[in-house]
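Residues per chain, in single letters:
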Amino acid sequence: MTLPGLSATPLYLDCDTGVDDSLALAYLLASPEADLVGVGSVSGNIDARQGAVNTLDLLALAGRPDVPVAVGAHDPLAGSYDGGAPSVHGRNGVGDVALPPSGREVAGESAVELLLRLSHEHSGALRVVAVGPLTNLALALRADPTLPARVRDLTIMGGAALHPGNVTPVAEANIAKDPEAAAEVLAADWDVTLVPLDVTMADVLEESDRKALLEAGTALAPWLGEVLDLYFGFHVDTLGRRCSALHDPLAAAIATGGVTPTLAPRVPVVVDATAGPGRGQTVCDLRGRYAGYPDVPGARTRVVLATDAPLTPHLMERLLTL
Ligand code: BDR
Ligand code: CA
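This text gives an overview of the structure that appears in the document. This structure is a prediction, so every number in the text was calculated from the model and none was measured.

Looking at the coordination of the calcium ion (ligand 2)
Working reference: metal with six octahedral donors, ideal angles 90 or 180 degrees; metal with four tetrahedral donors, ideal angle 109.5 degrees. Surrounding the calcium ion (ligand 2) are the protein donor atoms Asp-16 (OD), Asp-21 (OD), Asp-21 (OD), Val-131 (O) and Asp-248 (OD), at 2.3 to 2.8 Å. Here the donor residues for the calcium ion (ligand 2) map to a single chain with the spacing D-x4-D-x109-V-x116-D. Taken as a pair, Asp-16 in the loop between strand S1 (9-15) and helix H1 (19-29) and Val-131 in the loop between strand S4 (126-130) and helix H5 (135-143) lie far apart in primary sequence, 115 residues in all. Each member of the pair, Asp-16 as well as Val-131, carries the same accessibility label: buried.

Below, the structure is given as structure tokens:
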């Protein structure tokens with residue numbers, strides 16, 4: 001959303017839509033700080049093509065048929081698409097809810113082509129937010145290693161710094177689904193903000209929030225309330241009650257300034273892409289813990305460990321406008 005007199009930042013979203021991806025997309029559409037100029041899909045929660053269809057349907061409900069949506073990588077850099085996460089996000093990625101079809105077609109270009117084109121059109125200004133596996137970004141870097149010089153910053157939902165993983169004892173889903181891509185992306189020369197499970201597990205939507213969405217009387221919010229139903233059920237096992245973690249919307253809010261990191265040291269981060277039990281781990285050098293987490297000279301990745309305010313009220317305020 002752009003407001004008269006305010007210059008919003010051009011932003012490309014790379015996602016695997018996905019229940020919490022849907023919340024991140026909606027948050028960005030409701031945010032005057034962001035001008036969503038394109039969305040690329042990637043296989044993760046669901047295959048890349050269905051993720052793009054979900055994105056088109058959500059954009060149509062939000063009254064934003066102008067935003068281009070491009071299909072990205074179906075398979076990770078090594079291996080094949082694993083079939084997604086139907087027990088978490090539903091067989092269609094949006095909680096098995098049949099959204100009204102947008103009637104729109106995906107863009108004629110791939111997600112990599114869209115990202116590279118936007119990086120030229122908005123050179124130096126483009127913000128990139130990645131909330132799925134990092135396959136598209138790695139392929140874009142391979143196609144054009146000068147990409148980081150044209151990107152203002154990159155915010156990634158992914159990894160676990162001092163927190164357990166969510167798909168293995170040490171690996172978070174977005175990194176685990178394509179560790180080779182994550183390793184290449186985190187080794188490239190751009191300003192990265194990593195938003196790991198350490199902070200994305202801190203806030204949730206409760207049933208009262210879902211009810212408010214269902215009863216919003218607006219075009220998109222009630223559908224988000226429906227889409228959240230299955231995801232709420234999944235969290236009974238992990239969080240002990242029906243509720244929703246807010247992984248992807250937190251990354252979107254940090255990227256656009258709606259939530260501010262209060263502890264986010266710049267440290268070396270490498271991704272374990274070996275075949276052992278550490279595969280998919282984000283190995284963050286946080287040995288400065290007992291010295292107040294000083295930045296490590298030369299490091300380009302800041303790892304968010306704490307934020308200034310809970311996301312939930314801010315997110316709900318924005319979602320209820322759509
Ligand atoms: C991440 O994995 C996906 O299931 C979510 O959409 C989020 O991006 C959390 O680990
Ligand atoms: Ca996601």
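Focus: helix H11 (residues 221-239)
Helix geometry: H11 is bent most strongly at Asp-229, by close to 35 degrees. Within H11, burial applies to Ala-221, Pro-222, Leu-224, Gly-225, Val-227, Leu-228, Tyr-231, Phe-232 and His-235. Downstream of H11 by a residue or two, Gly-240 has a phi angle that is positive, lying close to 90 degrees.

Concerning the side chain of Asp-248
Topologically, Asp-248 is positioned in helix H12 (residues 247-256). The side chain of Asp-248 is buried and forms no salt bridge, while Lys-177, the nearest opposite charge, is found at 12 Å. Once residues within four sequence positions are removed from consideration, Asp-248 is found in contact with Asp-20, Asp-21, Ala-24, Val-131, Met-157 and Asn-174.

What to know about the packing of aromatic side chains
This structure, assessed with the given rule, holds one aromatic pair. Taking the centre distance of 6.4 Å and the plane angle of 20 degrees together, the rings of Tyr-231 and Phe-234 count as stacked. Highlighted residues: Tyr-231 and Phe-234, both in helix H11, separated by three residues, approximately one helical turn. Its relative accessible area of 3% is what places Tyr-231 among the buried residues. For Phe-234, a relative accessible area of 29% puts it in the partly exposed group. The ring of Phe-232 is capped by Arg-210, whose NZ or CZ atom sits 5.7 Å from the centre of that ring.

So, unusual backbone geometry
Between Thr-17 and the following residue, Gly-18, the backbone shows a cis peptide bond with an omega angle of -10 degrees. Despite not being glycine, Asp-96 has its phi angle at roughly 60 degrees, a positive value. Structurally, Asp-96 is set in the loop between helix H3 (86-89) and helix H4 (111-121). Of note, the phi angle at Tyr-293 is positive, near 55 degrees, even though the residue is not glycine. For Tyr-293, the position within the fold is in the loop between strand S11 (282-284) and strand S12 (301-303).

Calculation criteria
- Residues numbered from 1 in each chain as written.
- Chains lettered and ligands numbered in written order.
- Predicted model: local features only at pLDDT ≥ 70, side-chain atom pairs only at ≥ 80, totals over all residues.
- Heavy atoms only, no water.
- Donors = N, O, S within 2.8 Å, 3.2 Å for Na, K, Ca; no water.
- Helix = DSSP H or I, 4+ residues; strand = E, 2+ residues; numbered from the N terminus.
- Buried < 20%, exposed > 50% of the residue type's maximum accessible area, 1.4 Å probe, protein only.
- Bend = angle between axes of the 7 residues up to and from the residue.
- Lys, Arg positive; Asp, Glu negative; His and termini not counted.
- Salt bridge = Lys/Arg side-chain N within 4 Å of Asp/Glu carboxyl O.
- Contact = heavy atoms within 4.5 Å.
- Phe/Tyr/Trp six-rings, centres within 6.5 Å; stacked < 30°, edge-to-face > 60°.
- Lys NZ or Arg CZ within 6 Å of the ring centre and 35° of its normal.

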